[in-house]
Amino acid sequence: MSARIPLPPGATIGILGAGQLGRMMATAASQLGYHSISYAPPGDNVAADTCAELFERNWSDTGALAQFAKRCDIVTWEFENVPLSAVAAIPEALLAPAPRALEVAQDRVNEKRFVEELGATCAPYTRVDSDDDLARALERVGTPGILKTARDGYDGKGQWRIASAHEAAGVRFPGRPCVYEGMVAFETEFSVILVRSRDGEVRFWDSTANRHESGMLVSSTLPAGALVESQVEAARSVAEKVAHALEYTGVLCLEFFATEQGPIFNEMAPRVHNSGHWTIEGAATSQFENHVRAICGLPLGETATRFASIEMRNIVGEAALSAHAMLCEPGEPHLHLYGKREAREGRKMGHVTRVSQ
Ligand code: AMP
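Residues numbered from 1 in each chain as written. Predicted model: local features only at pLDDT ≥ 70, side-chain atom pairs only at ≥ 80, totals over all residues. Heavy atoms only, no water.

### Digging into the pattern of salt bridges
What counts, and what does not: For this document, the term salt bridge refers to a Lys or Arg side-chain nitrogen within 4 Å of an Asp or Glu carboxyl oxygen. Burial classes: relative accessible area under 20% of the type maximum marks a residue as buried, over 50% as exposed, and values in between as partly exposed (1.4 Å probe, protein chains only).
As enumerated under the stated definition, the model contains 21 salt bridges in all. Across the pair R211 and E213 runs a salt bridge whose closest N-O atoms are separated by 2.9 Å. Under the relative-accessibility criterion, E213 is labelled partly exposed at 46%. Salt-bridge contacts for E311 lead to R313; the nearest nitrogen and oxygen are separated by 3.4 Å. By relative accessible area, E311 is classed as partly exposed at 25%. Linked by salt bridges that have partners in common, D107, R127, D129 and R151 make up one network.

Structure, rendered in C-alpha cells:
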C-alpha cells in the first residue's frame, strides 16, 4: 500500500512484541477500526488479549515473520530490542517507523553519539569492551558512575552503580559491551514524548516529572515543576531534530535529567513509552492513538493536557493482586491491569492514573 494513502478501516496493523504496550496500542487501533496482530517469542504475551491473532514464534523464524508480514498493511513495534535480523525479514515499505531508529537506539553508545551530534548534552561516557577499558573509563570519567550494558538493558537491568574508587576495585567487566557513564546530579527526570506524522508534522505532549527507583519508572507527574518547565523547550528542540533526522513516523520518547546546568540526555525509546501512559485519560489524544494515526497516515490528534494535575503510578509485582481495591478509592482512579499471569517482584503489572481539575 502506498505510504501516502491513509490506511482504511479494516486494515491490519502488525505489532512486533506482545507486551503491555502492544496491548494498549491494539486497543487504540481497534477504536479506529483497525485489526492488530502481534508477533513475539513464546512468553507472557498479554497483547494477545487485544490483538486478533498472535504469531508466537521466535525472532529467528524468518519464514514465520514473512508470513506475518503478508497479513499486514503496516508493521510497527512496541519493543525496541527486536533483533534487526527479524526486522529485515519484513519488507521495508511496510515498516513504520523506519528501522534506522531501532539501529540507533539498540546500542547506548550509538544512541548517545547520534543525539550528541544533533546538539544534546550527555553525561560523560566511555565505551567499555574489556577489563582494561573499564579501568581506563573509571580513570577518565571518575566515580560515582554507572556501568551499563550497551544493549538489551531495560528497567535498570544490566546496570551496576559504582559509588567510589574503592568500590570500583571490585567491579569486573561483565563480558558484554558496555558504556560507563558519570552519575548525573539531577533535580528531576523528565521525558519528551512526541509524535511525528508521515509528512513530518510534530506534536509534543506535556513533559512529566518522572521518578525512578532502582532504575525503574515509579511515577510520572504533571505539572512537572519549574526547573523541568524551564528546560522543556531545549529538550524538545533536541527531540524534534532526532525525529526529523530519523525521518521518524510515530511516537518517540527521549528521557532527560533536569540539572542546574540544563537538560542532560539520558536515553531514547523509539516507541510508545511508560511515561506517556497518563495520556490515555489525561490528554486530548493518547500516545497510543497518535502512534496508530501516524503510522496509518491519519491526521494527528491534539496532544493538549486535559487536567490541572495528573499522576500515573506503576503497579509492580504482587501489588497487582490487590489492585482492584483502588476502585473504591475517592477521585475515581483509572486502573489499567495488563493481565500478566505471574506477579513477579519488579515486574510491571499495571498502572493507575489519577487526574484532578
Ligand atoms: P536507563 O536505563 O539508562 O534509563 O537508567 C534507568 C534509571 O537509572 C534512570 O532513569 C535514572 O534514574 C538512573 N540513571 C541512569 N543513568 C544515570 C546517570 N548517568 N546518572 C544518574 N542517574 C542515572
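So much for the structure itself; the text now carries on.
### Digging into unusual backbone geometry
Operational definition: Secondary structure elements are defined from DSSP: runs of H or I of at least 4 residues count as helices, runs of E of at least 2 residues count as strands, and each element is numbered from the N terminus.
Following T143, the chain continues into P144 via a peptide bond in cis, with omega recorded as 0 degrees. Mapped onto the fold, P144 is located in the loop between α6 (131-141) and β6 (145-149). In the segment running from L222 into P223, the intervening peptide bond is cis, with an omega of -5 degrees. The residue E247 is not glycine, and still its phi comes out positive at about 45 degrees. Its place among the elements puts E247 in the loop between α8 (226-245) and β13 (250-259). Of note in this structure, E332 is not a glycine but carries a positive phi near 45 degrees. Take E332: it is sitting in the loop between β15 (309-316) and β16 (334-337).

### Regarding α6
How we decide: Relevant arc is that of directions from the helix axis to the C-beta atoms, nothing else. The criterion used for residue contact is that any of the two residues' heavy atoms lie within 4.5 Å.
Among the residues of α6, those classed as buried are D133, L134, A137, L138 and V141. For α6, the arc enclosing every buried residue in end-on projection is 135 degrees, short of the 170-degree limit, so these residues lie on one face. Away from its buried face, by an angle of more than 90 degrees, α6 presents the exposed residues D132, R136, E139 and R140. Packing partners of the buried residues in α6 comprise β5 (125-128), β6, β7 (159-162), α7 (165-168) and β8 (178-182).

### Observations regarding the nonpolar core
Just so we agree on the cut-off: Residues belong to a common nonpolar core when they are buried Ala, Val, Leu, Ile, Met, Phe, Trp, Tyr or Cys residues joined through side-chain atoms within 4.5 Å. Segmentation of the chain into domains, including their bounds, is taken from an automatic or database domain assignment.
Judged by nonpolar contacts, the single largest core of 38 residues is most densely connected at I13, Y34 and C296. Counting only elements with at least two residues in this core, the list comes to β1 (12-16), α1 (20-31), β9 (188-196), β12 (216-222), β13, α10 (287-296) and β15. Top element by residues in this core is α1. It accounts for 6 residues. Residue assignment places this core across two domains, with domain 1 (12-95) and domain 3 (188-356) each supplying three or more. When residues no more than four places from it in sequence are discounted, the contact partners of Y34 are L7, P8, P9, G10, A11, I13, A29, V292, C296 and L298.

### So, the sheet that holds β1
In plain terms, the rule: Between any two strands, pairing holds if DSSP finds at least two bridges. Here an axis means a line fitted to C-alpha atoms, over the contact stretch when the element is a helix, while the angle between two N-to-C directions is reported on a 0 to 180 degree scale.
Pairing in this open sheet of 4 strands is parallel, and the strands run β3-β2-β1-β4 from one edge to the other. Of all the strands in the sheet, the pair left with one neighbour each is β3 (53-56) and β4 (74-77). Strand-to-strand twist of the sheet, defined as the mean angle between neighbouring strand axes without regard to direction, takes the value 25 degrees. As paired strands, β1 and β4 are joined by 4 bridges and run parallel to one another. Looking at the pairing, I15 lines up with T76 of β4. Those strands touched by α1 are β1, β2 (35-40) and β4, and its axis lies near 170 degrees from that of β1. Where helix α2 (residues 62-70) meets the sheet, it contacts β1, β2, β3 and β4, and its direction lies at approximately 175 degrees from that of β2.

### A word on the site of the ligand
Defined as follows: Consider each residue's heavy atoms; a residue with any of them within 4 Å of a molecule or strand counts as near. Counting of polar contacts relies on pairs of N or O atoms within 3.5 Å, with two restrictions inside protein: one atom must be capable of donating a hydrogen and the other of accepting it, and residues adjacent in sequence are counted only when both atoms are side-chain atoms. Under the convention adopted here, Pro, Cys and the residues Ala, Val, Leu, Ile, Met, Phe, Trp and Tyr are nonpolar, Asp, Glu, Lys and Arg are charged, and Gly plus all remaining residues are polar.
In the neighbourhood of the ligand, 16 residues make up the surrounding shell, with K148, Q159, V184, E189 and E267 lying closest. With respect to the ligand, the side chain of K148 contributes an N or O atom lying 2.7 Å from an oxygen atom. A distance of 2.9 Å separates a nitrogen atom of the ligand from a polar side-chain atom of E181. Going through the elements one at a time, β6, β7, β8 and β14 (262-269) are the ones with two or more residues in the shell around the ligand. Across the shell around the ligand, the residue classes tally to 5 nonpolar, 5 polar and 6 charged. A domain split of the shell around the ligand shows at least three residues from each of domain 2 (124-182) and domain 3 (188-356).

### Regarding the packing of aromatic side chains
Two aromatic rings are characterised by how far apart their centres lie and by the angle between their planes. To keep things clear, this is the line we draw: Any two of the Phe, Tyr and Trp rings considered here, Trp counted by its six-membered ring, make a pair once their centres fall within 6.5 Å; the pair's planes then place it as stacked at under 30 degrees, edge-to-face at over 60, or tilted in between. Lysine NZ or arginine CZ positioned within 6 Å of the ring centre and within 35 degrees of the ring normal marks a charge as sitting over the ring.
Scanning the model with the defined rule gives 7 aromatic pairs in all. A centroid spacing of 4.9 Å and a plane angle of 15 degrees characterise the contact between F186 and F257, whose relative ring orientation is stacked. Linking F186 in the loop between β8 and β9 with F257 in strand β13, this pair joins segments that are 71 residues apart in sequence. Given a relative accessible area of 38%, F186 falls into the partly exposed group. Note on F257: relative accessible area 10%, which makes it buried. Ring geometry for F190 against F256: centres 5.5 Å apart, planes inclined by 20 degrees, an arrangement best described as stacked. Here F190 is found in strand β9, whereas its partner F256 is found in strand β13, with 66 residues between them in sequence. A connected cluster of aromatic rings, assembled from ring pairs, spans Y39, F55, W59 and F68. Looking at K112, its charged tip hangs above the ring of Y125, at a distance of 5.6 Å from the centre.

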